Amino acid sequence: MALNIKPLSDRVIVEPAAAETQTASGIIIPDTAKEKPQKGTVIAVGNGKKDEPLTVKIGDIVLYGKYAGTDLKFDGKDYLIMREDDILAII
């Protein structure tokens, strides 16, 4: 996917995964009880800091903190922009 936004420094843009609509046992979760997803796909990456190159790449699926990043709406889609330090793991 081509995104016309280029993050600066060690920031990355992540497209959050869709929130779960049903539990493993089959219970449907109402919209008011859905939790914010903590998993997403990296859409764009910055150049990194001068002494620290970025370890994530475009297309990586990552886990991040519940309150990490800043919400960003672009072309009708929701994204998160966050520092690489806010990413907990690459799946």
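Above this text you will find the structure in question.
An account of the accompanying structure is given in this report.

What counts, and at which threshold
- Position numbers for residues start from 1 in each chain and track the written sequence from start to end.
- Local features in this predicted model are restricted to residues whose pLDDT is 70 or higher, and side-chain atom pairs enter the listing and the counts only when it is 80 or higher, whereas totals over whole chains, interfaces and linings include all residues.
- As a convention, hydrogens and water are excluded, and side-chain values are obtained from all of the structure's heavy atoms.
- In plain words, nonpolar cores are sets of buried Ala, Val, Leu, Ile, Met, Phe, Trp, Tyr and Cys residues tied together by side-chain atoms within 4.5 Å.
- Each residue is placed in one exposure class: buried if its accessible area under a 1.4 Å probe, protein chains only, is under 20% of its type's maximum, exposed if it is over 50%, and partly exposed if it falls in between.
- Going along the chain from the N terminus, every DSSP run of H or I of four or more residues is numbered as a helix, and every run of E of two or more is numbered as a strand.
- By the convention used here, residues are in contact when the closest approach between their heavy atoms is within 4.5 Å.
- Any N or O atom pair separated by 3.5 Å or less is treated as a polar contact, with the protein-specific requirement of one donor-capable and one acceptor-capable atom, and with residues adjacent in sequence counted only for side-chain atom pairs.
- Two distance rules govern patches: like charges are joined within 9 Å, and nonpolar side chains (Val, Leu, Ile, Met, Phe, Trp, Tyr) within 5 Å, applied only to residues with over 30% relative accessible area and no salt bridge.
- Only the protein chains shown count as cover for residues, and the accessible areas themselves come from Shrake-Rupley with a 1.4 Å probe.
- Basic side-chain nitrogens of Lys or Arg form a salt bridge, by our definition, when they fall within 4 Å of a carboxyl oxygen of Asp or Glu.
- Charged-residue counts in this description rest on Lys and Arg as positive and Asp and Glu as negative, His and the chain ends being excluded.
- To locate a charge, the coordinates of NZ of Lys, CZ of Arg, CG of Asp or CD of Glu are taken.
- Note on pairing: DSSP must find at least two bridges between two strands before they are called paired.
- Under this scheme, a helix contributes an axis fitted over its contacting stretch, all axes are lines through C-alpha atoms, and angles between N-to-C directions fall in the 0 to 180 degree range.

1. Some thoughts on the nonpolar core
So, point 1. Listed in full, the 12 residues of the largest apolar core are V12, V14, V42, V45, L54, V56, V62, Y64, A68, L80, M82 and I87.
So, point 2. Broken down by secondary-structure element, the contributors of at least two residues to this core are β1 (11-16), β2 (39-45), β3 (61-64) and β5 (77-83).
So, point 3. Each residue touching Y64, except ones within four places of it in the same chain, is listed here: V14, P16, P37, Q38, K39, G40, L80, M82, D86, I87 and L88.
So, point 4. In terms of nonpolar packing, the next biggest core, distinct from the first, is built from five residues, L3, I13, I43 and A44 among them.

2. Details of the side chain of D10
So, point 1. Residue position: D10 is located in the segment before β1.
So, point 2. In terms of polar contacts, D10 uses its side chain to reach the side chain of R83, at 2.7 Å.
So, point 3. Non-local contacts of D10, meaning those with residues more than four positions away in its chain, are made with G48, K49, L54, M82, R83, E84 and D85.

3. Examining a negative patch on the surface
So, point 1. Where like charges cluster on the molecular surface, the negative patch consists of D51, E52, D85 and D86.
So, point 2. Taking the relative accessible area as the measure of exposure, D86 reaches 31% and is therefore partly exposed.

4. What to know about the sheet that holds strand β4 (residues 70-74)
So, point 1. Across the sheet, which stays open at both edges, the six strands sit in the order β4-β5-β1-β2-β3-β6 with antiparallel pairing between neighbours. Here the strands that pair on one side only, and so sit at the sheet edges, are β4 and β6 (87-90). Strand-to-strand twist in this sheet, taken as the mean axis angle between neighbours without regard to direction, amounts to 45°.
So, point 2. Relative to β5, β4 is paired through five bridges, and the arrangement is antiparallel. Looking at the pairing, T70 lines up with I81 of β5.

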